Amino acid sequence: MLAVVLVVGLLTAWVAGSSSAPGEGSGSTDTTRLGPVAGETVAGYLARAAVVPPGPAGPRPALVQFAVEQDGAGAAAALAGSGATAREAVFRVPLPRVQTALRRVSLDDTGTVDPVAALRLAETQATNRAGEQARAAQGRAAAVATTESARLAAGCACVVALVVEADPAALAPLRDRPEVRAVEVAPAGARVGALAVSPLLPDQTDDGRDPPETVGPVPDDGPVPPQ
């Protein structure tokens, strides 16, 4: 079960959605990065993510990345029965050739809220933060944030990843679920509160032809769609 802790991290998704931990800076020497790095090939990252760092048994953070954006029900269903505990949801509104923000919302496992309802509450927090950004910005940035807020409020399929905790052995079956594109397990000793998360976005793909596709800036030359 998931309940929402009202902490949201907001960063612009420019390189696979680069971000630091919600509510924290990224300057900590304890920071562990999960997700591809700029310039890494998509195929190379997927291969790297499949390798679990060595370490003792026991819960560790992991980044569960979806093949396509999920709504709250889809994200909860993708994790159901896996034994993993969701700690954060990562939202991003997909707009063609428009940079949008990653919004990380922290979750807890108090069991007081149904998982789908908890993700909807998290989506509400992401909606509110997008609205705040829209009111504080001008021009294109304001227009983008306004559209993001409207799409999130409407319950869009905008969950691109979940940060979870589980024993690595229990995460292996998740990789075989059709909704899941990759599961990257953090090294032993990593903490959820010290993660820098940059999920591979669903539209960052490799067509198998040379040269291989690399992770790079999300295009931002398209018109901002209406709300």
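Predicted model, so just to flag it, every value in this text is computed and none were measured.

Parameters and conventions
- Residues numbered from 1 in each chain as written.
- Predicted model: local features only at pLDDT ≥ 70, side-chain atom pairs only at ≥ 80, totals over all residues.
- Heavy atoms only, no water.
- Buried < 20%, exposed > 50% of the residue type's maximum accessible area, 1.4 Å probe, protein only.
- Helix = DSSP H or I, 4+ residues; strand = E, 2+ residues; numbered from the N terminus.
- Polar contact = N/O pair within 3.5 Å; in protein donor to acceptor, adjacent residues only side chain to side chain.
- Pairing = 2+ DSSP bridges.
- Contact = heavy atoms within 4.5 Å.
- Salt bridge = Lys/Arg side-chain N within 4 Å of Asp/Glu carboxyl O.
- Core = buried A, V, L, I, M, F, W, Y, C linked by side-chain atoms within 4.5 Å.

Draft legend 1. Helix H2 (residues 72–79), seen in detail. When you tally the buried positions in H2, you get 6 out of 8 residues, the bulk of the element. Its side-chain oxygen at 3.3 Å from the backbone nitrogen of Ala73, Asp71 defines the N-terminal cap of H2.

Draft legend 2. Representation of the pairing of strand S6 (residues 159–166) in the model. In terms of burial, S6 is largely enclosed, as 7 of its 8 residues are buried. Looking at chain direction, strand S3 (residues 60–70) and S6 are connected through 7 bridges and run antiparallel. Bridge pairing in S6 places Ala62 opposite Val164. By the bridge criterion, 6 bridges tie strand S4 (residues 85–91) to S6 in an arrangement that is antiparallel. Looking across to S6, one finds that Val90 is bridged to Ala161.

Draft legend 3. Representation of the environment of Glu165 within the structure. Examined against the element boundaries, Glu165 turns out to sit in strand S6. Counting along the chain gives 105 residues from Glu165 to Arg60, while the straight-line C-alpha distance between them is 5.2 Å. When residues no more than four places from it in sequence are discounted, the contact partners of Glu165 are Arg60, Pro61, Gly83, Ala84, Thr85, Arg87 and Val192. Among the polar contacts listed, one links the side chain of Glu165 to the side chain of Arg87, at a separation of 2.8 Å.

Draft legend 4. Spotlight on the pattern of salt bridges. Summed over the entire model, instances satisfying the criterion amount to 8 salt bridges. For Glu148, the salt bridge is made with Arg103, and the minimal N-O distance between the two is 3.2 Å. Note that Glu148 is positioned in helix H4 (residues 139–153) and Arg103 in strand S5 (residues 101–108), a separation of 45 residues in sequence. With respect to burial, Glu148 and Arg103 carry one shared label: buried. In this structure, Arg140 engages Asp220 in a salt bridge whose closest nitrogen and oxygen atoms are separated by 2.9 Å. Remark: Asp220 occurs in the segment after strand S8 (195–197) and Arg140 occurs in helix H4; sequence separation between them is 80 residues. Assessed through its relative accessible area of 34%, Arg140 is described here as partly exposed.

Draft legend 5. Spatial organisation of the nonpolar core. Formed by 34 residues in total, the largest nonpolar core has its most connected members in Phe66, Phe91, Leu152, Leu162, Val164 and Leu171. Counting residues per element, the ones that place at least two in this core are S3, H2, S4, S5, helix H3 (115–136), H4, S6 and strand S7 (180–185). Broken down by element, the residue count for this core peaks at 5 residues, all from H3. What Val164 contacts, discounting residues up to four positions off in sequence, is Arg60, Pro61, Ala62, Val64, Leu79, Ala84, Thr85, Ala86, Arg87 and Leu171.

Draft legend 6. Representation of unusual backbone geometry within the structure. Despite not being glycine, Arg97 has its phi angle at roughly 55°, a positive value. Residue position: Arg97 is located in the loop between S4 and S5. Overall, Arg97 belongs to the partly exposed group, its relative accessible area being 46%.

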